[in-house]
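Structural features, examined
Now for the letters of each chain:
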Amino acid sequence: FVNDSYRRRHLESVVEVTCPDGSRVTHASSAYYEPYDATSRTFTVPALQAGAYRVDLRLTDLGTGELLGALSREMPFEPWAFEREELARLQQEGRAHLERLRDRPLAERAAIALEEAFAACRHAIESSGADRAVGAAEFETARAAFKGMRQVVARLRAANALPGDAEIFGAVGDTAMAKVFIDEPYPETPIDAAGVSLQLARNEYEAAQLVIVPLWADLPNLRVRANPLNALDGPCVIPEEQIEIQRVGYVEIGMPEYNFAVEKIGFYPDPLLPNQPVFVPAAQAAQPFFVTVRTLPDTSPGGYRGSIVVEADGAQPVEVPLEVQVWDFVLPDATTLKTSFWINEGHIRAFYGYPERTPEEVRRRFYDLHLKHRVGPLKALPLGGGNMVEDFEYVINNGQNNFFVHVPDLFEEGERAEYEERLLETRELVQSRGWDDLALFYTHDEVAVMARHLIPKVADMNRWVGKVLPEWPRLQTSAPEQSLVGAVDIWCPTIDHFDPALLKLRMDEGDRLW
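Cut-offs used in this document
Residues numbered from 1 in each chain as written. Predicted model: local features only at pLDDT ≥ 70, side-chain atom pairs only at ≥ 80, totals over all residues. Heavy atoms only, no water. Helix = DSSP H or I, 4+ residues; strand = E, 2+ residues; numbered from the N terminus. Buried < 20%, exposed > 50% of the residue type's maximum accessible area, 1.4 Å probe, protein only. Contact = heavy atoms within 4.5 Å. Areas by Shrake-Rupley, 256 points an atom, 1.4 Å probe, with all protein chains shown as cover. Lys, Arg positive; Asp, Glu negative; His and termini not counted. Charge placed at Lys NZ, Arg CZ, Asp CG, Glu CD. Salt bridge = Lys/Arg side-chain N within 4 Å of Asp/Glu carboxyl O. Phe/Tyr/Trp six-rings, centres within 6.5 Å; stacked < 30°, edge-to-face > 60°. Lys NZ or Arg CZ within 6 Å of the ring centre and 35° of its normal. Core = buried A, V, L, I, M, F, W, Y, C linked by side-chain atoms within 4.5 Å. Pairing = 2+ DSSP bridges. Axes fitted to C-alpha atoms, helices over the stretch in contact; angles between N-to-C directions. Right-handed = clockwise from strand over helix to strand, strands pointing away. Patch = residues over 30% accessible without salt bridge, like charges linked within 9 Å, V, L, I, M, F, W, Y side chains within 5 Å. Parallel < 35°, antiparallel > 145°, perpendicular 65-115°, else oblique. Nonpolar A, V, L, I, M, F, W, Y, C, P; charged D, E, K, R; others polar.

Looking only at helices and strands, the protein chain has 10 helices and 21 strands in total. A principal-axis box enclosing the C-alpha atoms of the protein chain has dimensions of 75 × 65 × 50 Å. Going through the 514 residues of the protein chain one by one, you find that 42% of them count as buried. For the protein chain, long-range pairs separated by at least 24 residues make up 68% of all intrachain contacts whose partners lie at least 6 apart in sequence. When the accessible surface of the protein chain is totalled, it reaches about 27700 Å², and 52% of it is carbon and sulfur. If the 51 positive side-chain charges of the protein chain are averaged to one point and the 79 negative ones to another, these points end up 2 Å apart.

This is the structure we're talking about:
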C-alpha cells in the first residue's frame, strides 16, 4: 500500500481471512509513513480446510479515522499444495547435494536421513486427506516433519560448503549479526562456500561468525583455532594473538515482557564463552563461534588471507578460509560517539552469588570488555557519588565520555528542596573531578511511550531542574512532542517513533539527537 498524501500519516493495515467454515483470522499492523511512501506486509495464516477463503483488506488513517481503502478477494485453496511444492524442491536440492559427497560413511548417513525425512513429510500430507479439515495434531505433525526435512537439506548445504571433504561436520561463515539457533535448520538457504570474511579500519575490532554443523554424528572435543593472517601484497602479518575466537552460548527465554513479536521462544544465542574444546551432540543444529580480528594503529592497510582450523576427534582437521580487508584510515583511541550501555551490577552480583558488592576485580573485567570496544559501561552517578566514585574515575579515565544523573519524579514543588541540595553537592563533586562536560540529566524513561499521562509533570520537572543546573543537558528517551519542547535538550527516540523531519526541526533549533 502507499501513503498517497503530501503529509506524514499513521496508517493501520488490517487483513481479515474468512475460512470455509466461517471462522476468521485477523492480522493488523500500524506505523508512521512519510509522504508517498510505499510498503508491503506479509501475513501467515494456517489454512487447514479445503474450499474458498475470503481475504478482506482495509487501510485506515489512524490520525483522522478515515478509511483510505478496502479490497476483498475470494480464492479456492487446496490443503498441502504449498507443502507439496516445497517438499519436491527440498528433495531435488537434497539429492543434488548427496551426489557431491565423497566421504562414503557421510553419504550413507545423509542418504538415510534424506529418505526418512522425505517419507515423514509425505506420510504427514497423505494421512490427513484432501477432502476434510486438517486437525491441529496433524498440522503439528506435518510442521515437525517439514522442519526435519529442512534440517537434513541444511546439513547437506553445510557439508558441501567446506573447502575439503566433509566427514562429521560442515562449516559456514556468517555475519556477526545473524542469530544462529541450536534447534533450527542452518543454513536456511543455499550457499556457495564456507569462508569467513570481514572488513575493518586500523585500530579497530570486527567480528564474523563461523558456524559448525554436525553431520548426523556427535562432535567430541570440537576445537577451533586461527592461523595468522598474511598480507596479499607484502610481508605484513596480523598474528594469531590479534584473532580471538569465542564459542557462542545460549540462554532460554520465555514470552517477551512487552507485547512485541519475537522470532521464537526457547534457546537464544547470547553469551560469548571462552574458546575451549566442547562436545556438540549430533542432534544440535549448529554451533557458532565468534571470530574477532583486531587491528593496531600501525597495521598496514590492504587485503589479508589466513585460515581457521576446525578439528574434532574422529575427523581430519579442516581449514576454512579467513579473508580480511584493512582500510587505510585509523580510528582514534577515544571516540566522540556517545554511548551508554548500562551494566547492572546487581544482576552480576545475583548471578555469581556474591553476598556483598561485586568485587572490584570482577567489575573492572566487565568495564574493560566494554571500554576496549569503545562503549561506556556505567549509566548513572548516584547523588553525592555514593560508592561509585572510584568506578566512574576508572571508566572515564579509560574512555567513557558521558554519564547520567537521574531526575526523580518529584512532581510536587515541596518535594524538591532536599533533591536540589544534594544535586548541588553532586555538581561540586563532578566539577572537582573535571567531569562537568560529561554530565547529563536523565528524566522519566520513555514518558511519551510508556506513561503519556505524566508528560505535563515530567516537562515541569525538567524545566525546574534546567533552572537549577542549566549547564547539564536534559535527555529524554522519547520522540519530540510539542508538550516536551523546551524541557528536553537531547532526544533519544525509540526506533518505531523515529521521525527524521521532526527531529531535523528540533536540531535546527539547537536540540541534539542520540
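This part covers the pattern of salt bridges. The final tally for this structure, using the stated rule, is 30 salt bridges. The partner of glutamate 34 in a salt bridge is arginine 8, with the nearest N and O atoms 3.0 Å apart. Within this pair, whereas glutamate 34 is found in the loop between β2 (24–33) and β3 (51–61), its partner arginine 8 is found in the segment before β1 (9–18), the two being separated by 26 residues in sequence. The class for glutamate 34 is partly exposed, based on a relative accessible area of 26%. On the accessibility criterion, arginine 8 (26% relative accessible area) is partly exposed. A salt bridge links lysine 264 to glutamate 184; the shortest N-O distance between them is 3.1 Å. Taken as a pair, lysine 264 in the loop between β11 (243–253) and β12 (266–273) and glutamate 184 in the loop between β5 (169–175) and β6 (196–202) lie far apart in primary sequence, 80 residues in all.

This part takes up the packing of aromatic side chains. Tallied over the full model, the rule gives 12 aromatic pairs. Relative to phenylalanine 77, the ring of tyrosine 53 lies with its centre 5.6 Å away and its plane at 80°, an arrangement referred to as edge-to-face. One end of the pair, tyrosine 53, is in strand β3; the other, phenylalanine 77, is in strand β4 (residues 67–77), with 24 residues separating them in the sequence. On the basis of relative accessible area, tyrosine 53 is assigned to the buried category, the value being 6%. Look at phenylalanine 404 and tyrosine 442: their rings are 4.9 Å apart centre to centre, the planes differ by 20°, and that puts the pair in the stacked class. Here phenylalanine 404 is found in strand β17 (residues 403–406), whereas its partner tyrosine 442 is found in strand β18 (residues 439–442), with 38 residues between them in sequence. Phenylalanine 404 gets classed as buried once you look at its relative accessible area, which sits at 2%. Grouped by ring-pair contacts, the aromatic residues Trp342, Phe404, Tyr442 and Trp514 constitute a single cluster. Just above the ring of tryptophan 216 sits the side chain of arginine 155; from NZ or CZ to the centre is 5.9 Å. In this structure, lysine 379 packs its charged tip against the face of tryptophan 342, placed 3.8 Å from the ring centre.

Our focus in this paragraph is the nonpolar core. With 69 residues, the main nonpolar core has Phe169, Leu210, Ile212, Leu222 and Val324 as its most contacted residues. In terms of residue count, the dominant contributor to this core is helix α3 (residues 136–161) (10 residues). Apart from residues lying up to four places away in sequence, phenylalanine 169 is in contact with Leu162, Ile212, Val213, Pro214, Leu215, Leu219, Val310, Ala312, Ala315, Gln316 and Val318. Of all hydrophobic cores here, the second largest spans 30 residues; its members include Leu371, Leu383, Leu438 and Val465.

The next point concerns the sheet that holds β2. Strand order across the open sheet formed by 4 strands is β2-β1-β3-β4, with antiparallel pairing between neighbours. Whereas interior strands pair on both sides, the edge strands pair on one side only; in this sheet they are β2 and β4. Sheet twist, expressed as the average angle between the axes of neighbouring strands with direction ignored, equals 15°.

Burial runs high along β1: 8 of the 10 residues are buried. Pairing of β1 with β2, which is carried by 10 bridges, proceeds in the antiparallel orientation. From the neighbouring strand, glutamate 12 faces β2, where its bridge partner is serine 30. Counting the residues between successive antiparallel strands, the hairpin from β1 to β2 contains 5 residues, one of them, glycine 22, with a positive phi of roughly 95°. Strand direction decides the pairing type here: β1 and β3, joined by 8 bridges, are antiparallel. Each residue of the ladder has a partner; that of glutamate 16, found in β3, is aspartate 56.

Before going further, it helps to examine the pairing of β17. Summarising the sheet, β17 and β18 pair through 4 bridges and their orientation is parallel. Along β18, the bridge assignment pairs histidine 406 with tyrosine 442. Handedness of the β-α-β unit built from β17, helix α7 (residues 416–433) and β18 comes out right-handed.

Our next topic: helix α6 (residues 389–397). The set of residues buried in α6 consists of Val389, Asp391, Phe392, Tyr394, Val395 and Ile396. Looking at the residues trailing α6, positive phi occurs at glycine 399, about 125°.

Next up on the list: a nonpolar patch on the surface. Where nonpolar side chains cluster on the molecular surface, the patch consists of Val251, Ile253, Met255, Val262 and Ile265 and spans about 430 Å² of accessible area. Classification of valine 251 as partly exposed rests on a relative accessible area of 35%.

Here we take up the packing of helix α1 (residues 81–100) against helix α2 (residues 104–128). For the pair α1 and α2, the least separation of the axes is 11 Å and the interaxial angle reads 170°. In terms of axis orientation, α1 runs roughly antiparallel to α2. On α2, the residues touching Glu83, Arg84, Leu87, Gln91, Gly94, Arg95 and Leu98 of α1 are Ala107, Ala110, Ala111, Leu114, Phe118, Cys121, Arg122 and Ile125. Of the residues belonging to the contact of α1 with α2, the class tally is 9 nonpolar, 2 polar and 4 charged.

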